[in-house]
Amino acid sequence: MRATVYMMAALTLLAGISAGTLPSFIKPCSISDPKLNECVTKSIEAAGPKFAEGIPELGIAPLDPVMLGTVVVDNPALKLTFTDTVVTGLGGFKVNSFKINPEKGKQVLDFTANVTLKANYDMDGQVLILPIRGNGQAKIKITNLNIVIKYDYETKDGHWVVPNYKDSYKMDRAQFKFTNLFGGNKELADTTIKFINESWDIIMQEIAPPAMKEIIARCVKEVQKLFAVVPSTELLLQ
């Protein structure tokens, strides 16, 4: 009986947290602040690393690392499957700018991070003019990955909801490592790796979209969870 009471008390406390208490590391801004965008930018930068660790009591999963599972690149020239895909580095992001228009219900977040994707891979096809095949471990380091997310938001039952969003991205550099290319043929592997690293921008046009789509979708999903459990009046003070 006593154990049941303790369990009910714990569940009640957890429910109270998930019902809408803004985590202490997130500092809300006032809608009347003449420098609202600047205030929110500072708040996001301060809270970002902690948010990226995940907030279990609010059901928010970690974004650093973020587990993407299986990511498939399927185009006429190249078949590439990543499995057990893990992306790290999002927690170290820098906010370039943030804009909010409460009257129109629009927000724009522009941020940059250095990220690394690690996965098992299985690949067969052609990269530009070179045939390529192999299976093993893959590592892709992306320098200054710049992501811009533009989304509409509206208030329903006291909470912000995001009905849609648009995104774009670019990067300064990508570096690739693939083990066991061509069944371990070192000469062929070294030549191919050198070629794809020299032509990284063209290669990323082929293989980046599926992974980037999933990374951005995960970011939006976890922010939506925060919106779902914390009242809009706590996120933006009236």
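Up top is the structure.
Below or above, wherever it landed, is the structure these notes cover. (Residues numbered from 1 in each chain as written. Predicted model: local features only at pLDDT ≥ 70, side-chain atom pairs only at ≥ 80, totals over all residues. Heavy atoms only, no water.)

1. Looking at the overall build of the protein chain
Scanning the protein chain for helices and strands turns up five helices and eleven strands. With respect to the three principal axes, the spread of C-alpha positions in the protein chain is 65 × 55 × 30 Å. Relative to its full complement of 238 residues, the protein chain shows a buried share of 40%. Taking the contacts inside the protein chain whose residues are at least 6 apart along the sequence as the reference set, 68% of them involve residues at least 24 apart. For the protein chain, the exposed area adds up to about 13300 Å²; of that, 57% sits on carbon and sulfur atoms. (Helix = DSSP H or I, 4+ residues; strand = E, 2+ residues; numbered from the N terminus. Buried < 20%, exposed > 50% of the residue type's maximum accessible area, 1.4 Å probe, protein only. Contact = heavy atoms within 4.5 Å. Areas by Shrake-Rupley, 256 points an atom, 1.4 Å probe, with all protein chains shown as cover.)

2. Examining the nonpolar core
The nonpolar side chains of a soluble globular protein tend to be buried, and buried together. Membership of the largest hydrophobic core comes to 71 residues, with the highest contact counts inside it found for F82, F176, F178, L181, M204 and I207. Of all the elements, helix α4 (residues 200-229) adds the most residues to this core, at 14 residues. Setting aside chain neighbours within four positions, we find F82 in contact with G69, T70, V71, L117, A119, N120, Y121, A138, I140 and F178. (Core = buried A, V, L, I, M, F, W, Y, C linked by side-chain atoms within 4.5 Å.)

3. A word on the packing of aromatic side chains
For any pair of aromatic rings, geometry is given as the distance between the ring centres together with the angle between the planes. Going through the model one piece at a time under the given rule, you end up with five aromatic pairs. Ring centres of Y121 and F178 lie 5.0 Å apart, and the angle between their planes is 70 degrees; on these two criteria the pair is classed as edge-to-face. Pair noted here: Y121 is in strand β5 (residues 106-127) and F178 is in strand β10 (residues 173-178), with a separation of 57 residues, a long-range link. Judged by relative accessible area, F178 falls into the buried class, the value being 10%. Relative to F178, the ring of F176 lies with its centre 6.3 Å away and its plane at 15 degrees, an arrangement referred to as stacked. Through a chain of ring-to-ring contacts, the aromatic side chains of Y121, F176 and F178 assemble into a single cluster. (Phe/Tyr/Trp six-rings, centres within 6.5 Å; stacked < 30°, edge-to-face > 60°.)

4. Points about the environment of E206
Of note, E206 is situated in helix α4. Given a relative accessible area of 44%, E206 falls into the partly exposed group. Between the alpha carbons of E206 and D74 there is a distance of 9.2 Å; along the sequence they are 132 residues apart. Here the side chain of E206 touches N75 through a polar contact of 3.1 Å, side chain to side chain. (Polar contact = N/O pair within 3.5 Å; in protein donor to acceptor, adjacent residues only side chain to side chain.)

5. With respect to the pairing of strand β3 (residues 78-88)
Sheet topology note: the strand β2 (residues 66-74)/β3 ladder contains seven bridges and is antiparallel. Note on β3: the bridge partner recorded for V73 is L80. Linking β2 to β3, which pair antiparallel, is a turn of three residues. By the bridge criterion, nine bridges tie β3 to β5 in an arrangement that is antiparallel. Within β5, the position partnered with L80 by the bridge is M123. (Pairing = 2+ DSSP bridges.)

6. Things to note about the state of the cysteines
Across all of its chains, the model carries one disulfide by this definition. Each sulfur of the disulfide joining C29 and C39 lies 2.0 Å from the other. Looking down the S-S bond of the C29 and C39 bridge, the torsion is -90 degrees, so its handedness is left-handed. Here C29, found in strand β1 (residues 29-30), pairs with C39, found in helix α2 (residues 36-52); they are ten residues apart in sequence, far enough to count as distant. On the accessibility criterion, C39 (23% relative accessible area) is partly exposed. (Disulfide = S-S within 2.5 Å.)

7. Here's the deal with helix α3 (residues 186-198)
End to end, α3 covers 18 Å across 13 residues, agreeing with the expected 18 Å (1.5 Å per residue, within 8%). Among the residues making up α3, those that are buried are A189, T192, I193, I196 and N197. The arc enclosing the buried residues of α3, seen along the axis, measures out at 125 degrees, which places them on a common side. Opposite the packed face of α3, turned more than 90 degrees from it, sit the exposed residues E187, K194 and E198. In this fold, the buried residues of α3 make contact with β5, β6 (130-152), β10 and α4. The N-cap residue of α3 is N185: its side-chain oxygen and the backbone nitrogen of E187 are 3.3 Å apart. (Expected span 1.5 Å × (residues − 1). Arc of directions from axis to C-beta.)

No statement about biological role is implied by the geometric values presented.
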